[in-house]
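# Chain and residue survey
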Amino acid sequence: MKLDLDAVEETAKHLYIQALKILPPDIKAGFQKLDASETNPLAKSVLATMIKNIDVAEDTTNLLCQDTGIPIYNIVIGRNVEVDGQSLKDAIRKGCERATTEHPLRSSVVHPITRVNEQTSCGIRVPVINVDFSNAEETFEMEMIPKGSGSENGSFLKMCIPAEGVDGIKTFVVDKVMEVGGRVCPPTIVGVGVGGTSDLCTKLAKKAGARALGSVCDDPEGAKLEVALSDAVNQLGIGPQGLGGDSTAFAVHVETAATHITMNPVAVNIMCHSARRARATFTPTGVEIGF
Amino acid sequence: MAEQTIHMPCTEEQVRDLKAGDTVILEDWLYGIRDATQIHMFDHGRTTRFDLNGHAVIHTAPNVKKVPPSNSCPAGYESICVGTTTSQRMERFTRPLMAQYGVRMIIGKGGLGEESRAAFREFGGVYLAIIGGTAALETTWIEQITDVDLDDLNPESLWEFKIRGFGPLLVAMDSHGGSLYDSVKQTAQDRRAEVLAGMGVGA
Ligand code: SF4
């Protein structure tokens, strides 16, 4: 399959706008689940407002949240997909830029030192484009995540030592969820990276936070940790928007990687309740848009 | 918990009546500010021609579209999506906003700190929490952008909004030192040890 770069550009534009307006079905289901189990009346009314906002955004085709975030594109190239790598990146960037200027969207991206905003949602190394490969025959996947700053600012890394063990990991996650409180717009998906190197660990936390609700860590040890931590953080009473209640997190997701005998890294990356995500799958039969 | 509608601008007495946990709905007028607006007003010595006395300000930077000025868009801006940003970054501006401009209400998400609590107590002010990340809904509470000042800072200009049924908003910090955030924080602190023990930490 030869990848049609015009279609990639158009899709990169479309996915950014769609992600900002329509939440994935798993997140909507997550809201219903929290609403059903929440016992605090104030928290219930906060959840109701959030659920209403999801409907209003769709009815008025407006943005769920004003923060258009940092645009992230995760692409996965399958077998026998023919494409020029640099042109592919250029097409994605162009699509991202066009979404911003043509919709128009607020550009939330600035130079890190001068703080100058090019008004395109793009800049040095942004949009973030992560490239991976898969076994899927003639398939190209593009996932788009507009990552809001309120929750992205809830990112942490600790190079624990082996003597701290799993206790160190658990304590770190609970303490960070407490520290960020309402700032990260709970209910959240708490992404946790365990193991690897410092950069891989951080990357895993981000990947975990962006995973669909209901998905489970491939590593059974990670999956066990997910259950324990999901339960634990929802006992802290932080609640939606940090105003109190049971619904602090939809879930805690964990991703793991092997690490060094003398290392025990743990990273946290939080996804806010505006857990936005859109996805396109390119195959020889066409482009399918989803979540 | 009481719910009431307040027409802006409001008086010190109206604000002192509000207690943490109450809900309010604002009518008529609202002003939008953000980091750069206040850095320029309070660090770079710029002033605004707007009279903010007795008014509410919201921590925002809206998505707007430039249009030719008309009856429905008198400032030449259409509001596309108006949402709320995290307040904590703007903590140090609460006092000057109240002392120099007479602002009585600050709307934001995530809460403010000790300096703001003291200013609310001293001058008579409240912090109203909006549900962060519900901008689509918030946008429907804004009738129009009636005016704009310090517009070279766009999107962090000083915005004047005509509002209708803006809320419900939650009184999260009142003028008597009360704060919803404190009690939530305390609860989390109190439960921490039990939560960790529940996962077998330290066992
Ligand atoms: S943290 Fe998320 S929901 Fe909150 S303001 Fe940012 S993008 Fe919106």
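Residues numbered from 1 in each chain as written. Chains lettered and ligands numbered in written order. Predicted model: local features only at pLDDT ≥ 70, side-chain atom pairs only at ≥ 80, totals over all residues. Heavy atoms only, no water.

Attention now moves to the pattern of salt bridges. According to the stated counting rule, one finds 32 salt bridges over all chains in the structure shown. Across the salt bridge formed by Glu 141 of chain A and Arg 279 of chain A, the nearest N and O atoms sit 3.6 Å from each other. Remark: Arg 279 of chain A occurs in strand β8 (residues 278-283) and Glu 141 of chain A occurs in strand β3 (residues 140-147); sequence separation between them is 138 residues. Classification of Glu 141 of chain A as partly exposed rests on a relative accessible area of 25%. The shortest N-O distance in the salt bridge between Arg 104 of chain B and Glu 12 of chain B comes to 3.8 Å. Linking Arg 104 of chain B in the loop between α3 (94-101) and β6 (105-108) with Glu 12 of chain B in helix α1 (residues 12-16), this pair joins segments that are 92 residues apart in sequence. Residue classification places Arg 104 of chain B among the buried residues on the basis of a relative accessible area of 16%. (Salt bridge = Lys/Arg side-chain N within 4 Å of Asp/Glu carboxyl O. Helix = DSSP H or I, 4+ residues; strand = E, 2+ residues; numbered from the N terminus. Buried < 20%, exposed > 50% of the residue type's maximum accessible area, 1.4 Å probe, protein only.)

Take the interface of chain A and chain B next. Contact residues are listed per partner, giving 37 residues for chain A and 39 residues for chain B. Summing the contributions of chain A and of chain B, the shared interface buries around 3300 Å²; its carbon and sulfur component is 66%. When the buried surface of chain A facing chain B is broken down by residue, Gln 66, Arg 106 and Leu 243 of chain A rank first, second and third, together holding 19% of it. Across the chain A-chain B interface, the total number found is 1 salt bridge. Across the pair Asp 175 of chain A and Arg 192 of chain B runs a salt bridge, and its minimum N-O distance is 2.5 Å. Where chain A touches chain B, the interface holds 14 residue pairs in polar contact (both at pLDDT 80 or more). Mapped onto the side of chain A that touches chain B, the elements with two or more residues apiece are α3 (41-59), α6 (165-180) and α8 (220-233) of chain A. (Contact = heavy atoms within 4.5 Å. Buried area = accessible area lost by both parts, 1.4 Å probe. Polar contact = N/O pair within 3.5 Å; in protein donor to acceptor, adjacent residues only side chain to side chain.)

Our next topic: the domain arrangement of chain A. Residues and elements named next belong to chain A. By the assigned domains, chain A splits into domain 1 (5-19 + 64-148 + 276-290) and domain 2 (149-271). Centre-to-centre separation of domain 1 and domain 2, based on C-alpha positions: 26 Å. In this complex, domain 1 contributes 8 residues to the contact, which on the side of domain 2 involves 12 residues. Between domain 1 and domain 2, the buried area comes to about 670 Å², and carbon and sulfur atoms account for 49% of it. Three residues, Lys 147, Gly 148 and Arg 277, lead the burial of domain 1 against domain 2; their summed loss comes to 62% of the area buried on that side. The tally of links between domain 1 and domain 2 comes to 1 salt bridge. At the boundary of domain 1 and domain 2, one finds 7 residue pairs in polar contact (both at pLDDT 80 or more). (Domains from an automatic or database assignment.)

To continue, consider the packing of α6 of chain A against α8 of chain A. Residue and element names in this part refer to chain A. Following both chains from N to C, one finds α6 and α8 inclined at 35°, their axes separated by 10 Å at the closest point. In this structure, α6 crosses over α8, and the sense of that crossing is right-handed. Between α6 and α8, the contacting residues are Val 166, Ile 169, Lys 170, Val 173 and Val 177 on the first element and Leu 225, Leu 229 and Val 233 on the second. A breakdown of the residues in the contact of α6 with α8 according to their chemical character gives 7 nonpolar, no polar and 1 charged. (Axes fitted to C-alpha atoms, helices over the stretch in contact; angles between N-to-C directions. Left-handed = near helix turned anticlockwise from the far one by under 90°. Nonpolar A, V, L, I, M, F, W, Y, C, P; charged D, E, K, R; others polar.)

So, on to the site of the ligand. Taken together, the residues surrounding the ligand are Cys 65, Asp 67, Gly 148, Gly 150, Ser 151, Cys 185, Cys 272, Ser 274 and Arg 276 of chain A together with Lys 109 and Gly 133 of chain B. Residues close to the ligand are split across chains A and B. Of the residues contributing to the shell around the ligand, the split by class is 3 nonpolar, 5 polar and 3 charged. Here the shell around the ligand spans two domains, since at least three of its residues come from each of domain 1 (5-19 + 64-148 + 276-290) and domain 2 (149-271) of chain A. (Near = heavy atom within 4 Å.)

All right, on to the environment of Val 116 of chain A then. You can see Val 116 of chain A is positioned in the loop between α4 (85-102) and β2 (128-137). For the pair formed by Val 116 of chain A and Ile 169 of chain A, sequence separation is 53 residues and the distance between their alpha carbons is 38 Å.

So, about α6 of chain A. The terminal C-alpha atoms of α6 of chain A, which comprises 16 residues, lie 24 Å apart, in line with the 22 Å expected from a rise of 1.5 Å per residue. Along α6 of chain A, the residues that are buried comprise Gly 168, Ile 169, Lys 170, Thr 171, Phe 172, Val 173, Val 174, Lys 176, Val 177, Met 178 and Val 180 of chain A. On its buried face, α6 of chain A sits against β4 (155-160), β5 (188-195), α8 and β7 (264-271) of chain A together with α6 (180-198) of chain B. Just downstream of α6 of chain A lies Gly 181 of chain A, where phi reads positive at about 45°. (Expected span 1.5 Å × (residues − 1).)

The next point concerns the sheet that holds β4 of chain A. Across a sheet, strands are paired by hydrogen bonds formed along the backbone, either parallel or antiparallel in direction. Residue and element names in this part refer to chain A. Taken in spatial order, the 4 strands line up as β4-β7-β5-β6 in an open sheet, and their pairing is mixed. With partners counted over all chains shown, the strands left at the sheet margins are β4 and β6 (249-257), one partner each. On average, adjacent strands in this sheet sit at an angle of 15° to one another, irrespective of strand direction. When β5 meets β7, the two strands line up antiparallel, connected through 6 bridges. Its bridge partner lying in β7, Gly 191 is registered against Asn 269. In the packing of α6 onto the sheet, contacts are made with β4, β5 and β7, and the angle to β7 comes to roughly 30°. Against the sheet, α8 engages β5 and β6, with an angle of about 150° to β6. (Pairing = 2+ DSSP bridges.)

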